[in-house]
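What the coordinates show
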Amino acid sequence: MKRHNIQLNEAGELHHFLDVEGLKRELLVNILDAAESFTSVKAQQVKKVPLLRGKAIVNLFFEPSTRTRNTFELAAKRLSADTLNVNISTSATSKGETLLDMLNNLEAMHCDMFVVRHAQSGAAHFIAQHVAPHISVINAGDGSHAHPTQAMLDMFTIRRHKGAFADLKVAIVGDILHSRVARSQIHALTTLGVTEVRVIGPKTLIPDDTASLGVHIYHDIWEGLRDVDVVIMLRLQKERMSGALLPSEHEYFKLYGLSPEKLAIAKPDAIVMHPGPINRGVEISSEVADGPQSVILEQVSNGIAVRMAVMSILMGQTFGKEKGASE
Amino acid sequence: MKILIKGGRIIDPANKLDAQHDLFIDKGLIAAIGQAPDGFSADQVIDASGQIVIPGLIDLQARLREPGQEHKGTIESETRAAASGGITTLCCPPDTIPIIDTPAVAKLILERAKQTNRVHVLPIGALTTGLKGEHLSEMHTLHEAGCIAFSNSDAPISNTLVLRRAMEYAASHGLTLFMHANDKWLAQGGVAHEGPVGLRLGLAGIPESAETVEVARILALVEQTGARVHFGQLSTGRAVEMLQRARQRGLPVSADVAVHQLHLTEMDLLDYNSYCHVLPPLRSQRDRDALRSGLKDGTIIAICSDHQPHDVDAKQAPFADTEAGISAVETLLPLTLRLVDDGLLELSEAIAKLSHGPAKILGLNAGHLGLDGRADVCIFDPDTHWSLQEDNMQSQGKNSPFLAWDFKGQVTHTLRAGRLSYQKPESGR
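Residues numbered from 1 in each chain as written. Chains lettered and ligands numbered in written order. Predicted model: local features only at pLDDT ≥ 70, side-chain atom pairs only at ≥ 80, totals over all residues. Heavy atoms only, no water.

It is worth spelling out the overall build of chain A at this point. Along the backbone of chain A there are 13 helices and nine strands. Computed over its C-alpha atoms, the radius of gyration of chain A comes to 19 Å, within 12% of the 20 Å expected for a compact globule of 327 residues. When each of the 327 residues of chain A is scored for burial, the buried share is 58%. Across chain A, every contact between residues at least 6 apart in sequence was considered, and the portion connecting residues at least 24 apart equals 73%. Accessible surface for chain A amounts to roughly 13,400 Å². Of this, 52% is attributable to carbon and sulfur atoms. With 34 positive and 36 negative side-chain charges, chain A shows a separation of 4 Å between the mean positions of the two kinds. (Helix = DSSP H or I, 4+ residues; strand = E, 2+ residues; numbered from the N terminus. Rg over C-alpha atoms; globule rule 2.2 N^0.38 Å. Buried < 20%, exposed > 50% of the residue type's maximum accessible area, 1.4 Å probe, protein only. Contact = heavy atoms within 4.5 Å. Areas by Shrake-Rupley, 256 points an atom, 1.4 Å probe, with all protein chains shown as cover. Lys, Arg positive; Asp, Glu negative; His and termini not counted. Charge placed at Lys NZ, Arg CZ, Asp CG, Glu CD.)

Further remarks concern the overall build of chain B. Of the regular secondary structure elements, chain B holds 11 helices and 18 strands. What you see for chain B is a C-alpha radius of gyration of 21 Å, in line with the 22 Å of a compact globule of 429 residues. Here chain B holds 429 residues, and the buried ones make up 60% of them. Intrachain contacts of chain B at a sequence separation of at least 6 include 74% that bridge at least 24 residues. When the accessible area of chain B is evaluated, it comes to approximately 15,800 Å², of which 48% is carbon and sulfur surface.

Moving on: the environment of B:Gly325. Residue and element names in this part refer to chain B. Structurally, Gly 325 can be placed in the loop between β15 (302–304) and α9 (332–341). Distance in space between the C-alpha atoms of Gly 325 and Lys 315 is 9.4 Å, their sequence separation being 10 residues. With near-sequence residues (within four places) excluded, Gly 325 lies in contact with His 277, Val 278, Gln 308, His 310, Lys 315 and Asn 399.

All names here are of chain A. Its domain assignment divides chain A into domain 1 (25–145 + 301–322) and domain 2 (148–298). A C-alpha centroid distance of 26 Å is found between domain 1 and domain 2. Across the domain 1-domain 2 interface, the total number found is four salt bridges. Here Glu 36 ties to Arg 160 by a salt bridge, and the two come within 2.5 Å at their closest N and O atoms. Put simply, domain 1 and domain 2 have 13 residue pairs in polar contact (both at pLDDT 80 or more) between them. Of all the elements in the fold, those that place two or more residues in the side of domain 1 that touches domain 2 are α1 (25–43), α2 (67–78), β3 (113–118), β4 (136–142) and α13 (296–314). (Domains from an automatic or database assignment. Salt bridge = Lys/Arg side-chain N within 4 Å of Asp/Glu carboxyl O. Polar contact = N/O pair within 3.5 Å; in protein donor to acceptor, adjacent residues only side chain to side chain.)

Let's shift gears to the nonpolar core. Ranked by size, the top nonpolar core spans 95 residues in total, and within it B:Val229 and B:Phe231 carry the most contacts. Taken domain by domain, the makeup of this core includes at least three residues from each of domain 1 (2–53 + 378–398 + 407–423) and domain 2 (56–362) of chain B. Those residues in contact with B:Phe231 that sit more than four places away from it in its chain are B:Met179, B:Ala181, B:Val215, B:Ile218, B:Leu219, B:Leu243, B:Val253, B:Ser254, B:Ala255 and B:Asp256. In terms of nonpolar packing, the next biggest core, distinct from the first, is built from 90 residues, A:Phe38, A:Met152, A:Ile172 and A:Val215 among them. (Core = buried A, V, L, I, M, F, W, Y, C linked by side-chain atoms within 4.5 Å.)

Okay, the sheet that holds strand β7 (residues 87–92) of chain B next. All names here are of chain B. Strands sit in the order β6-β7-β8-β9-β10-β13-β14-β15 across an open sheet of eight strands; the sheet is parallel. In this open sheet, the two edge strands, each paired with only one partner strand, are β6 (57–59) and β15. When strand polarity is set aside, the average angle formed by the axes of neighbouring strands in this sheet is 30 degrees. Here four bridges tie β7 to strand β8 (residues 120–126), and the two strands are oriented parallel to one another. Along β8, the bridge assignment pairs Leu 90 with Val 121. Docked against the sheet, helix α6 (residues 208–225) engages β10 (176–179), β13 (228–231) and β14 (253–258), running at close to 160 degrees with respect to β13. (Pairing = 2+ DSSP bridges. Axes fitted to C-alpha atoms, helices over the stretch in contact; angles between N-to-C directions.)

Inspection of the secondary structure puts A:Arg69 in helix α2. With residues near it in sequence (within four places) discarded, A:Arg69 still touches A:Asn59, A:Phe61, A:Asn85 and A:Asn87.

A word on the sheet that holds strand β5 (residues 169–173) of chain A. All names here are of chain A. The strand order across the open sheet built from five strands is β7-β6-β5-β8-β9, with neighbouring strands paired in parallel fashion. Across the chains shown, the open sheet's two edge strands, defined by having one partner strand only, are β7 (216–218) and β9 (271–273). When the angles between neighbouring strand axes are averaged without regard to direction, this sheet yields 20 degrees. Judged from the three bridges that link them, strand β6 (residues 196–200) and β7 form a sheet pairing that is parallel. Across the sheet, Arg 198 pairs through a bridge with His 216, a residue of β7. Here helix α6 (residues 148–162) sits on the sheet and contacts β8 (230–233) and β9; the angle it forms with β9, its principal contact strand, is near 170 degrees.

What follows covers the side chain of B:Glu211. All names here are of chain B. Assignment of secondary structure puts Glu 211 in helix α6. An unpaired buried charge is present at Glu 211: no salt bridge exists, and Arg 283, the closest side chain of opposite charge, is 4.8 Å distant. Ignoring any residue separated from it by four or fewer positions in sequence, one finds Glu 211 in contact with Ala 181, Gln 233, Leu 234, Ser 235, Thr 236, Ala 239 and Pro 280.

Interfaces are often described in size by the accessible area the parts lose on coming together. Listed by partner, the interface residues are 25 residues for chain A and 19 residues for chain B. For the pair chain A and chain B, the summed buried area comes to about 1,800 Å², and 56% of that belongs to carbon and sulfur atoms. Applying the counting rule to chain A against chain B returns one salt bridge. Between B:Arg200 and A:Glu21 there is a salt bridge; the shortest N-O distance is 2.4 Å. If you look at where chain A meets chain B, you find seven residue pairs in polar contact (both at pLDDT 80 or more). (Buried area = accessible area lost by both parts, 1.4 Å probe.)

Moving on to the pairing of strand β18 (residues 419–423) of chain B. Bridge analysis of strand β17 (residues 406–416) of chain B against β18(B) gives four bridges, and the strand direction is antiparallel. Looking across to β18(B), one finds that B:Thr414 is bridged to B:Tyr422.

Residues and elements named next belong to chain A. Taking 1.5 Å per residue as the helical rise, α6 with its 15 residues ought to reach 21 Å, and the 21 Å between its terminal C-alpha atoms agrees with that figure. Of all 15 residues in α6, 13 are buried; the element is thus mostly enclosed. Count one or two residues on from α6 and you reach Gly 163, which has phi positive near 75 degrees. (Expected span 1.5 Å × (residues − 1).)

Next comes the structure, spelled out in structure tokens:
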């Protein structure tokens, strides 16, 4: 069943960035290439480029976030755009003003782009379906569904360290069930042609249906990490402990926490990633998090370049061979 | 008032009738089929040539939203919509505001329905007070006030002892229970079928076991108490299997299915279409096929609309923040006729699922066109092509995933107790 992809305009170019799923490899590579061109900006004395001068970008965060919002804001400023941060606790919308009322208000301020984070899956799609046609929407995380810019900055980090994607084995460890980051990473990795994507964790966090995403499921981390090139640890939300999903942090760390011993099972040059913020001693030990194989802080700085790339592309900037992307 | 319905093809599954005949109605009853009774002179003649005349439809579950949620629908608006869909009898579940756990609320609904005078409305009483699952309602008193059956609607009865007592008490008085099989804990927080699609979309899942575990619990108690239980709106193939085995063993159980479950699946959620947000959720294609087979083999005896009209705002939000349910009385017949076009059911079988089948569950002398029976009749043109649009919907709720679908077969007249309750505008006949 062929559906219109709401993310693309009639020319097949990215208009919204809501989800990695359903995008062609060329589009993803184009984002990575564009991000590469922005990494040099950091090194310059003047960090700004005038690509989005006169554009107004609204950070619309219905869920608290520090890191993601900061990097989006920095990315927008380095592109010379005007930015507005709107933090809305979800209770504010339930007190009468509907989400659509709020969007209409913001549209009336002549904004060009919404960066949206929301606790409900599909929220960014909903907003993209209802905004005026000239406005682009970037999904900065919707429920358990998607976090596409995080996935792209992870891909960027992997490519910088490993070069090509084709022969890699990548393991994602932790709470896949509730993770929007994991879903987007899986789609990005499979789209970019990674040979083998593994997910590691107990059945309570990795339902059997996860295999339908094109991944191999491991419940034993000692098997799952064998010979992998990239280890991605997911943040374990504290509230998972209060439900019946896991018995304790202690047992979770014992079974799935990334310690130097477990990391030794992976390839010697394997890199360790984490979308942050990390829970030391829960999903990862400090030795590993601060160790030589960790690229966690690099991910953060790469986040700015990748978000600059996505914002520029959505606002119509062309980089390299983008025109071929719709083939 | 004497009415002659002339020249239609009469299909009456209960009486195994399928032939072209005239139908004569007098004093609200079926006076004759074929030959006019002595001295019959029609006050009104309805030309039904080229059309199909069937028993008025009986809908086992339709929410009218009154009392309590008149911004979504009223007894006036929703019975008008139901009549336009060929429905002459419907059951409304007890989750109105206030809840149907006192005779006063039941009587209020019956009174309003009588005033609007379009559909026989049969309230279903609350099985426990306030639907809280703690204290038995006054079932006998509610029954006397007009409640046709008893249900806890979508609210759980977590305490199995309360459930057992409720079933025993109902069984003592020969009352039928309508159960919605949904284990509260397994379904907690869920908004979509637990499966590959829900996982991909990041929507919290309601597993198949939320239905099967509850069906198993209830079946075990049916065995013990002898209560007569009807399962409403089954959604999984496994539950159909369980029902089939229970019926083979002679347990007094039956089941219906909501018509949308026979046409939509989890795949329809892929663009987060909130009109496809229903409970129980749209499940896999395998489940849909099993529900269809259950319908064919008789395990599922009725098709209902599970009508739930909503205001616009209720569906305008990210998927999980929207309210569940479809405005469905107007598509009950056309979607059931599609099952005939799909080759699943014979036309008379399909009609039985909307008339004779539900009448049996309710123990009503209705759903047929037998002599001296009440003249509840639906006439439809099997060849009219039409498409559902917001502005041609009669219901106050326009929340239908079937908007813009093309249908074949449209109701032209509905008669309730021998009186026109709906006539298609400019039907051109």
